[in-house]
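Below, each chain spelled out in residue letters.
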Amino acid sequence: MDLLQQIKQNASQHNKRIVLPEGTEERTLKAADIIIEEGIAQIILIGEIATIKSEAERLGLKNIDKATLIDPKNHEKKQAYAELLFELRKSKGISMEKAIALTEDPLYLATLMIKSGDADGEVAGALNATGDVLRPAFQIVKTMPGISVVSGAFIMIMNDKQFGDNGMMVFADCAVHPNPTAEELAEIAVATAKTTKAIAQMDPRVAMLSFSTKGSAKHEMVDKVVKATELAKEMAPEFQIDGEMQADAAIVEAVGASKAPGSPVAGKANVLVFPTLEVGNISYKLVQRIAGAQAIGPVLQGMAAPINDLSRGCSVSDIVNLVAITANQAAGM
Ligand code: ACO
């Protein structure tokens, strides 16, 4: 059974409630229909109810009547959610009028449902940009205890099976935090190791990447990665984490052996942690396009509840897969 089938099967055992705030969008509706049909998760769709129903009929979808439908402008918990939002954000200057207006925004409503215990996770982004999906999540759901930064990991499935574990690797941060400090980078490394174990189901061997291997170059950017490596090892001694190292030293056995002899990670890394978002985002896209790797994600990590962001170019199966991953994350919390 391949990884995605396994993730879907695990999800179906937990029957989590996943909210899809872009509930009238065609790919989202088609994905919801499949998810319900296959029993991957319970689905909550946010959108004007008449539109959801007429779209489902137009598309010939048979299962949408089993989803919970929430009209953002008119539902029974609107006032309670507005009060919750006001409480959470009054120190940031939000007014009650603004809080009421924001509960009608499906992206805010979805996170308020999660915060209130009315949903277990969210998948959005087929219509909305990353920042618009993430901002309400940061403001309302916030990070896990002990974590200050959310980041995004990709499970990369390579055609060339010599890399990672039989061609599977995890890359991070490729999606969220532009320029992490050493402390934040250490948190990202530990969160990625946990994602690797929980979602990719591999024992992580984490390489902290730089343009230097074990002191071969001197620069403040290298110092950041050296410090992050030390901190990450202290934070999670149970994981194999090593750095700083260059990408070839991380993934090519002969280069790892010559540049970082004795490293438990060099030459056999299955997790690559990038020093900035620029490097991570560019790298995953190059590997996806040039090497033809399948990129599953981004899986957002570090949030107090699982909220995941789609690419606006996503397919129906991308949405189904990300809902299954989100349900697995919810089950592990
Ligand atoms: N983790 C946790 N909380 C965060 C993070 C983070 N990484 N970043 C911001 N926050 C919090 C802030 O602390 C703040 O909380 P507060 O309002 O309670 O004080 C809140 O979020 C808003 O913070 P801002 O700094 O105002 O955040 P902003 O909205 O400007 O930016 C964002 C956050 C949208 C995530 C920004 O960092 C961003 O645009 N990142 C890049 C996303 C992106 O475009 N990725 C590439 C595309 S994705 C892809 O290709 C797969």
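In case you missed it, the structure is sitting above this.
Computed from a predicted model, the values in this text were never measured in an experiment.

Trainee: Teacher, can you tell me more about the nonpolar core here?
Mentor: Note that soluble globular proteins tend to have their nonpolar side chains buried in a common cluster. If you look at the biggest cluster of nonpolar residues, it comprises 60 residues, and the most contacted ones within it are Ile 43, Leu 45, Met 208 and Val 323. Counting residues per element, this core draws most heavily on helix H13 (residues 316–331), which supplies eight residues. For this core, the two domains that each supply at least three residues are domain 1 (3–142 + 316–331) and domain 2 (151–290). Ignoring any residue separated from it by four or fewer positions in sequence, one finds Leu 45 in contact with Leu 20, Gly 23, Thr 28, Leu 29, Ala 32, Ile 52, Ile 64, Ala 67, Thr 68, Leu 69 and Ile 70. Tyr 81, Ile 94, Leu 102 and Ile 140 belong to the second-largest nonpolar core, a separate cluster that totals 26 residues.

Trainee: Would you explain helix H12 (residues 277–290) in this entry?
Mentor: Each α-helix winds once per 3.6 residues, and so residues spaced three or four apart point in a common direction. For H12, built from 14 residues, the straight-helix expectation of 20 Å at 1.5 Å per residue is met to within 8% by its first-to-last C-alpha distance of 19 Å. Restricting attention to buried positions, one finds in H12 the residues Leu 277, Gly 280, Ser 283 and Tyr 284. On an axial view of H12, the arc spanned by its buried residues comes to 140 degrees, and they lie on one face. Residues Glu 278, Arg 289 and Ile 290 are exposed on H12 and point more than 90 degrees away from its buried face. Those residues of H12 hidden inside the fold are in contact with strand E5 (151–157), strand E6 (168–172) and strand E10 (294–301). Directly beyond the C-terminal end of H12, a positive phi value near 70 degrees is found at Gly 292.

Rules used in this analysis
- Residues numbered from 1 in each chain as written.
- Predicted model: local features only at pLDDT ≥ 70, side-chain atom pairs only at ≥ 80, totals over all residues.
- Heavy atoms only, no water.
- Core = buried A, V, L, I, M, F, W, Y, C linked by side-chain atoms within 4.5 Å.
- Buried < 20%, exposed > 50% of the residue type's maximum accessible area, 1.4 Å probe, protein only.
- Helix = DSSP H or I, 4+ residues; strand = E, 2+ residues; numbered from the N terminus.
- Domains from an automatic or database assignment.
- Contact = heavy atoms within 4.5 Å.
- Expected span 1.5 Å × (residues − 1).
- Arc of directions from axis to C-beta.

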